[in-house]
Amino acid sequence: MRKTTAIYPGSFDPLTNGHLDIIERSAKLFDEVIVAILVNLDKEPLFTVEERVSMTRAILNHRFPNVRVDIFDGLLVEYAIKQQAQVIVRGIRAVSDYEYELQMALMNRRLESRLETVFMMAAEAYSYLSSRLVREVFKLGGSVDGLVPALVEEKLKEKIQKK
Ligand code: PNS
């Protein structure tokens, strides 16, 4: 039988427990999952793409033998086809995510009809969680305990101390 490869794309700046939850769910569904970290060229990310990749790899740390971490730039669909993927996974938190995600999914389908976008819901405990909020709360001195993996919290502390 043909193996199913799914791409889980995003900025992951930084990876949150919500992302981890989606990775875990995807790893159960698909033969191979590629966590594809976007090289943000126009956004100024908090973590460089190298930092995001090494953190994500360390956190996953062979926990899921069928998950690997990679970087991409340019069109997501072109990257996905190069990886011989059939599926793009996106996490949906609330109805408010849906409109933007629908737009992206339909644009991606128009660009490349061989790819199917699959929406997954993270555990409800993470339904309000986003990388943007994590960055903001952390910068303003709030606790992100339980919202991000311990390594991310550690690296966030290092980032803020350096500033
Ligand atoms: O979770 P994020 O950070 O909102 O991820 C957005 C991402 C990376 C999935 C999206 O910006 C993307 O696919 N960018 C690559 C460029 C591209 O293909 N754009 C057209 C999308 S319809």
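Before any of the text, the structure's been laid out above.
Described below are features of the structure shown in this document. As the structure is a prediction and not an experimental result, all values here were calculated from the model. Per chain, residue numbering runs from 1 following the sequence as it is written. Only residues with pLDDT of 70 or above have their local features reported here, since the model is predicted, and side-chain atom pairs are shown and tallied only from 80 upward, although totals for entire chains, interfaces and linings are computed over all residues. For side-chain calculations, the full set of non-hydrogen atoms in the structure is used, while hydrogens and water are omitted.

**Focus on the sheet that holds strand β4 (residues 87-92)**
The cut-off we apply is this: Any two strands with at least two DSSP-identified bridges between them are counted as paired. Working definition: helices are DSSP H or I runs of at least four residues, strands are E runs of at least two. Numbering for both runs from the N terminus. Lines fitted to C-alpha atoms define the axes here, with helix axes fitted over just the stretch in contact, and angles between the N-to-C directions of these axes take values from 0 to 180 degrees.
Within the open sheet, the 5 strands sit side by side as β3-β2-β1-β4-β5. Their pairing is parallel. Edge positions in the sheet fall to β3 (67-72) and β5 (116-121), since each of these pairs with one other strand and no more. Each strand of the sheet is rotated relative to its neighbour by a mean of 30°, with strand direction disregarded. In this sheet, β5 lies alongside β4 in parallel orientation, the contact comprising 6 bridges. Pairing of Arg90 across the sheet is with Phe119, part of β5.

**Brief notes about the site of the ligand**
Selection criterion: Near residues are defined by distance, with any heavy atom within 4 Å of the molecule or strand qualifying the residue. By the criterion applied in these results, polar contacts are pairs of N or O atoms within 3.5 Å in which, for protein atoms, one can donate a hydrogen and the other can accept it, and in which residues neighboring in sequence qualify only through two side-chain atoms. Surface accessibility follows the Shrake-Rupley procedure with a 1.4 Å probe radius. Residue values consider only the protein chains on display as shielding.
Around the ligand sit Pro9, Gly10, Ser11, Leu38, Phe72, Gly74, Leu75, Leu76, Arg90, Met104, Met107 and Asn108, and those are all the residues in its vicinity. The side chain of Ser11 places a nitrogen or oxygen atom 2.7 Å from an oxygen atom of the ligand. Interatomic distance of 3.1 Å between a side-chain N/O atom of Arg90 and an oxygen atom of the ligand. Against a free-state accessible area of 550 Å², the protein chains account for coverage of 73% of the ligand. Elements with a minimum of two residues in the shell around the ligand: β1 (5-10) and α4 (95-111). Broken down by element, the shell around the ligand gets its largest block of residues, 3 residues, from α4.

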